Number of protein chains: 2
Amino acid sequence: MKIHTQIKNDCYKADGFIGEYQKLVRDVVIPYQYSVLNDELPDIEKSHVIDNFRNAAAAIRGEDTKDGFYGMVFQDSDAGKWIEAAAYSLQNYPDENLEKTVDDFVDIIADAQEEDGYLNTYFTIKDKEKRWTNLLEAHELYSAGHLIEAACAYYEATGKRKFLDVMTKNVKHIHNRFVKENTEGFPGHPEIELALMKLYRITKDEDCLELCRKFIDTRGVNADFYKLEKEKRNWTVWGNNAEDNNYQQSGMPVRKMDKATGHAVRAVYLYTGMADMASETDDKELFTACERLWQDITERKMYITGAIGSTVHGEAFSTDFDLPSDTAYAETCASIGLMFFASRMLENDVDRKYSDVMERAFYNTVLAGMQLDGKRFFYVNPLEVVPGISGVIATHRHARPQRPGWYGCACCPPNVARLITSFGKYAYGENKNTAFCHLYASGKIELSNGIKFTCETRYPYGFAVTYKIEKGGKMAIRIPAWSENYTVIHNKRLIKPKMTKGYIYIDVADNDTLIIILDDSIRTNYASTKVHDLTGKVALSRGPLVYCFEGVDNDNDVLSIALKKNGKAYVAQNDNLPCDSIAISIPAVRKSDCDGLYSFSPLAENDCNAVAVPYYIWGNRGENQMRVWMEEA
Amino acid sequence: MKIHTQIKNDCYKADGFIGEYQKLVRDVVIPYQYSVLNDELPDIEKSHVIDNFRNAAAAIRGEDTKDGFYGMVFQDSDAGKWIEAAAYSLQNYPDENLEKTVDDFVDIIADAQEEDGYLNTYFTIKDKEKRWTNLLEAHELYSAGHLIEAACAYYEATGKRKFLDVMTKNVKHIHNRFVKENTEGFPGHPEIELALMKLYRITKDEDCLELCRKFIDTRGVNADFYKLEKEKRNWTVWGNNAEDNNYQQSGMPVRKMDKATGHAVRAVYLYTGMADMASETDDKELFTACERLWQDITERKMYITGAIGSTVHGEAFSTDFDLPSDTAYAETCASIGLMFFASRMLENDVDRKYSDVMERAFYNTVLAGMQLDGKRFFYVNPLEVVPGISGVIATHRHARPQRPGWYGCACCPPNVARLITSFGKYAYGENKNTAFCHLYASGKIELSNGIKFTCETRYPYGFAVTYKIEKGGKMAIRIPAWSENYTVIHNKRLIKPKMTKGYIYIDVADNDTLIIILDDSIRTNYASTKVHDLTGKVALSRGPLVYCFEGVDNDNDVLSIALKKNGKAYVAQNDNLPCDSIAISIPAVRKSDCDGLYSFSPLAENDCNAVAVPYYIWGNRGENQMRVWMEEA
C-alpha cells in the first residue's frame, strides 16, 4: 500500500548532530573524494573514475584507448555515488564551485554515452562486443543504477535536466534490450531496480516501472540463468561461481523468498527495489515477501549494531543466529542498504519496527564506518577487536582495528557520504496531510503538503525533542521501542496520544509546541540463547546508541573486565572523548590473570569502574581492544 | 642430557583401558586400514597406496606406468604409518596372518626401490627427473621418514631385516646427496629427523646421525632456500608460497627459534627430532631451544584438550592466546606430534610438565580423533559444535560435528593407530636402574634393566594405581600436577617420598606392592584472561579427562545452560554412555530464550542439572551441540 512518500531532500535543513555531520561531509568528505576520483592525491591507490569517462568518450570518437580503463569493473558507480552525495549537499548548502564541478563531470559522463544510449566505460573502452554478456559479474546494470540515482538527485537539487536526459536515454537502451526485445536477464548485483523507481517517480515514464518489474519478476524464475550465461560467454571478471544462487539471490522467484541469503549488500538492495515497487504499485504479494525477508534479517541475522552480513566469505549473510563479534564482516554498505530497505518498508507500512532498525543501523554501524574527521573509513565493523589478532591473522584479517584510507574497491566511503547528505529522506516523510517523523533530527522542516516546523534536540545525546510548529497539520511521530516510558507535552499540556504501530498521531495547529521526552536510561541488552557467540554476555545501550568498551578508557585491557550484574550504570563526563559524546561508567570487576594458560583457581576479582563509549566512535583514539558484548560478573 | 630411554614396545603388555583400545586397533582399525590401502572397499575414495608401490616397481622394470600414481604426493607415508601400527600390534598380539600381510607388503615396497636406493613412488612413476627438485612441497623426505619408522618398528617386532636394509640403503642414498655431496636442502615437512634417530639407535650407523644433524642444523640458515629452490624448478604440487617461512619453519636456524609457528604438525615433528638429537648427543643449546618452543606452545598456544594449531589457515599455530573453540583446527596428528615432542623432552629431562601435557593430549584430543567403534576419524577437534554452523558455513566448514570416514588425505587415522599400539613407549621409560612411569597404564611391564611389575588401575576412571613388583629396583612415578593431593602406600605403609619435578622416586624390592591414590575430584578450570574466546568461561575436568556438554544429555540445548558458581559437581551414572565412561552432573541454570533476537529483560533462569561427558567420547551419539567451555551463572 502506498502510504506516504519520502520527502525531497531540501525539505529538511539540518542543524545539531546531523547538521555537524552534513558539514563534515561538505567540507571534508566530498572534496576529498573528488580528488580521489580525479586522481589528484599522490599517496593512495588511483581511482581513475573520471579518466575512465574521458577515455570512453575518446573511444567513441574512434581513438585507441584499449589501456584507458583502470579499476574495478564497477568503477563508474563511484561517479554516481559521489555526484549523488554532492547533489544532496548542494541542497543543504548551495555552493557554486561544487555545482560547476558537477556540471563539468556530467558533461564528461554525457560524452561517454554511446549513440545507442549505452553508458559503461569498462565495455566502451575495453571491448564493446562483450556488452551484456556477463550480467553475473560485470555490474553494468549496477553501475547504471548508481548513475540513475545520481541523475535524479542532481535534477532534484538543481533542476538541470542534462544528466537526467542522459540516464533516461540509457534506460531506454536497457528497456529496449530487456523489455522490448525480451532478452532474458537480471542484474548480478541488484541496484538498478531501486534507481528505476526513483527515476519513475520523477519522470513518470512507464518504461522505468516496466523495466524494474521485468528485473524483479524474472529474477530466479530460471534458476540456471547465470549458469547458462556462463556457458555461453568465454570470459570472466573474477571467475564467480555461476551456480551459487544463494550468493546472488537467483535461485527462486523473489516473491517466494523467505530467507535473506548471500552477499548482504546485493540482498538488501534487491529487497529495497522490491519494497519500492510494492508500495508504488500496491503489490501486496511482493510486500509480503519483503515482510518475510525483513523478519528473517532482523530476528535472526542482525547484529545489535544494526550490522548485517556476518561472514567475510562472500561478504554474506551466514546462517541463522551466527553472529560472531570478532570475525564479523558487517559491511558499512550493507547497513546503509538496510536503511534503504527500512525506508521503503515505511512507504508500505508506517511501523516503528522499520524505523527502529533504520536508526539502529545509522547511529551505530553507518556512523562507525567513518572516522570522526571524515578522512578514513571502515568497510568491516566488528563488535570485538583484539590487537595482534584483528586485522592480522587469516580468520580476522578483514576485521581491522583501525580505519584504513581509500580502498581500491571504494564502495563504502561515498555511500556514507550520500546517506548523510540525504538524511532528511530517512528522518521525515509526508503524505497529503501528515508529517512523519521517523527519526529525531534537529533542523527546519518544510514539507510540500504545507506542514512546516522546526525540530530542536540534542539527540542522540539529549532525550527531549521539541517541535515548534509554524504551519500545522497532523504529526506522526515514532516513539522508539527502547523508550517504553515517554512523555508528550502539547502546548504545555501533558497528553497521551494514541499509538499505532509505534507512532503517535497528533493534530497540531500553527504555532503549537510539541515536546517529546524519551527514556534516557542506560539499558542492559541480552541476546537470544541461540546466538552461540553471545551466551552469558550483555551489551549496554542508551537511546539509539549501542556502547562499547575500549582499552584506552579501561587500562588497555577490556578482556579481563566483567560487568557487575545489576550494577548501576551512569553517564559520565569523559574529557578523552570527542565533544558532545557521552560515556557510561558502570561497576565492574577486573579479573587478575591466572598463573599460566589454565588454572584451577578462580580468577581473583577486584572492583573497578568500567567505561563505555558509543560504538560509533570506536577506533578513533589509536589501536586498542574493543568489545561490545561483555561478560557479567 | 641423555637421562633415560624409551622402552621397546614389547616391554609393556596392556590390559584395562589401554588394552581395550589396542584390541580395537588390532581387530578393527588395522584390518580396515589395510583394505583401504589395498583399494578393497567400494564406497570410499581409493587410496592406491599399495598399487603405487607395484606400479613403481613396474616403472623400474621399464614398463609404462605414467598414469600409475594416484593420491597425494605423500601417499607412500600411509604405508609407513600402517606398517608401523601393524608392527607394534604384532608385538602386543602375535598374528601370523598379519605378519604375512606385512611381509608381502615389504616385498612390494622393496621392489619399488631403485638401484641407487631411491624410494618414492610418486617420482619413480611420474617423473624421475624431478627427484629432489622440490623439497618444499614434494614430501620425499617426509615419506622416507615414515617408511624408516615403519622399518624400525617391524625389525623390533620381528627381527626381520629386509625392510630395515631397504631403508638403510635409502638413507645412504639421501646421505650421499645431502651430506657427502653437501647439496643444500632440508625437509619441507619435517619427520625424517626423528625417524633417523630411531634408525640410529637400532643400527648405530653414524650416517643417520650425521644426516639428521645436517637437516636440523642447516634448516633456516639460508632463509631464502625455498624461494631460490622455487625459482630453479618449473613445477609445483600445490603452488605453496615458498616465502612463507613461518608456515614451514624455515626462517631462522632452529637453535634460535623461540616461537612455535606455522603448520602445527610440521612444527612438532621438527621439535621432536630436535629434542631427540639433543638427548642423544647431549646438545644443551638444542635442548634449550626445545624448552623455549615447548613453553611457547604450552603456555600460549594449547587448548585445554592438549590440541594445538588453532587455525584452519595453514593448519597452523595462530598468534598467542588465539584459541577459538568453534573454529579450532586442532588436528589429531598435531596432538600426536605434541606427544612425540613431550616424550623426547622426557629423554632430556624427567619433568612432569612434559608427561602432563602428553597425557592431556592423549586422553582428550587423540582419543577424540577416533570414533569409539574405530571406524571413523576426526582430523579437526573443535571445542564447541553447533549443528547448522559447524561443518557447514565457510568459517566452520572444517569443524565437522560428526567423524567422517576415510579421507583423501589419510594422515590422522593411521597415526592414531600407531600411537595406540605403541602406547607403552609413552607410558613407560627406563634407564640403567630405574623404571619411569610417565603415564598410568594397566598391564605387565618387563624392562630390559630387569625391573618387572604389573600395574593395575581403572585409570582414567579409577584413581587408585597398584604396582605389584616382581623384580625390584627404583620406581620413578609421575604425580600429575592436577593431583595436588595424593597418597602413596608402600607395602601397606603410608609413605611420603621425595618429589623431583613432579616424579616420586621409590626403591622397591621384589614382591613389594606400591599403591598410588590420586585426587579424583572434579575440577573447575579457568583460562587466562588473555584468551579472548574464553573470558568468563569455565571447563570441567576430572583426572586427565576434560569434560564437555553434549545436547544429547542436556535436552538438545547446551547453549542456554550456565553452570552455577561453586555448584557441587558429582560423578553420575549415565546409561546413555559407552561402558566404563563416567559422566558428571553439575548444578546449573537453564536460561529461557528471550522474545526476539535481543531483549532488555534478563533471561529467566531455571535450576537444572547439567550433564558433562568426557570430551573424547563426544560426537559418538549423533549430531548435536557440544561445548567444553561453559558460561558461569
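Here we summarise the structure given alongside this text. (Residues numbered from 1 in each chain as written. Chains lettered and ligands numbered in written order. Predicted model: local features only at pLDDT ≥ 70, side-chain atom pairs only at ≥ 80, totals over all residues. Heavy atoms only, no water.)

Topic: the packing of helix α3 (residues 76-92) of chain A against helix α4 (residues 96-111) of chain A
Packed helices, taken two at a time, are described by the angle between their axes plus the distance between the axes. All names here are of chain A. Relative orientation of the contacting elements α3 and α4 amounts to 150°, with a least axis distance of 10 Å. With respect to α4, the element α3 is oriented roughly antiparallel. α3 and α4 meet at a crossing whose hand is left-handed. Touching Ala79, Trp82, Ile83, Ala86 and Leu90 of α3 are Leu98, Glu99, Thr101, Val102, Phe105 and Ile109, all from α4. Considered class by class, the residues forming the contact of α3 with α4 number 9 nonpolar, 1 polar and 1 charged. (Axes fitted to C-alpha atoms, helices over the stretch in contact; angles between N-to-C directions. Helix = DSSP H or I, 4+ residues; strand = E, 2+ residues; numbered from the N terminus. Parallel < 35°, antiparallel > 145°, perpendicular 65-115°, else oblique. Left-handed = near helix turned anticlockwise from the far one by under 90°. Contact = heavy atoms within 4.5 Å. Nonpolar A, V, L, I, M, F, W, Y, C, P; charged D, E, K, R; others polar.)

Let's talk about the interface of chain A and chain B
Taken together, the contact between chain A and chain B spans 57 residues of the former and 57 residues of the latter. Together chain A and chain B conceal approximately 4,400 Å² of surface at their shared face, both sides included; 60% is due to carbon and sulfur atoms. When the area that chain A buries against chain B is broken down by residue, the three leading residues are Leu597, Tyr598 and Phe600 of chain A, summing to 19%. Taken together, the connections running from chain A to chain B amount to 4 salt bridges. Note that Asp593 of chain B is salt-bridged to Lys530 of chain A, the shortest N-O span being 2.7 Å. Summed over the shared surface of chain A and chain B, the result is 22 residue pairs in polar contact (both at pLDDT 80 or more). Of all elements in the fold, only α12 (284-300), β15 (522-527) and β21 (598-599) of chain A reach the threshold of two or more residues within the side of chain A that touches chain B. (Buried area = accessible area lost by both parts, 1.4 Å probe. Salt bridge = Lys/Arg side-chain N within 4 Å of Asp/Glu carboxyl O. Polar contact = N/O pair within 3.5 Å; in protein donor to acceptor, adjacent residues only side chain to side chain.)

Some thoughts on the packing of aromatic side chains
Note on aromatic pairs: each is described by the distance of the centres and the angle between the planes. All names here are of chain A. Applying the stated criterion to the full structure yields 72 aromatic pairs over all chains. Plain terms: the ring middles of Phe74 and Trp238 are 6.3 Å apart, the flat faces sit at 45° to each other, and that makes the pair tilted. Highlighted residues: Phe74 in the loop between α2 (49-60) and α3 and Trp238 in the loop between α10 (225-232) and α11 (264-281), separated in sequence by 164 residues. Exposure remark for Phe74: the relative accessible area of 10% places this residue in the buried category. Relative accessible area serves as the criterion here: at 41%, Trp238 is assigned to the partly exposed category. Directly above the ring of Phe178 sits Arg177, whose terminal nitrogen or CZ lies 5.7 Å from the centroid. (Phe/Tyr/Trp six-rings, centres within 6.5 Å; stacked < 30°, edge-to-face > 60°. Buried < 20%, exposed > 50% of the residue type's maximum accessible area, 1.4 Å probe, protein only. Lys NZ or Arg CZ within 6 Å of the ring centre and 35° of its normal.)

What to know about the packing of helix α9 (residues 206-218) of chain B against helix α11 (residues 264-281) of chain B
All names here are of chain B. Where α9 contacts α11, the axes come no closer than 11 Å and their chain directions differ by 130°. Here α9 lies oblique to α11, going by the angle between them. By crossing handedness, the relation of α9 to α11 is classed as left-handed. Facing α9, whose interface residues are Leu209, Cys212, Arg213 and Ile216, α11 presents Gly273, Met274, Met277 and Thr281. The class makeup of the residues in the contact of α9 with α11 is 5 nonpolar, 2 polar and 1 charged.

Describing the sheet that holds strand β10 (residues 486-490) of chain A
Two orientations exist for strands paired in a sheet by backbone hydrogen bonds: parallel and antiparallel. All names here are of chain A. As summarised here, the arrangement of the 7 strands in space is β2-β6-β7-β8-β14-β10-β11, forming an open sheet in which the pairing is antiparallel. In the strand order of this sheet, the two ends are held by β2 (12-14) and β11 (493-495), each with one partner. For this sheet, the mean angle separating the axes of adjacent strands, direction not counted, is 20°. Pairing of β10 with strand β14 (residues 513-518) involves 5 bridges; the strand directions are antiparallel. Its bridge partner being in β14, His490 is matched across the sheet by Leu514. (Pairing = 2+ DSSP bridges.)

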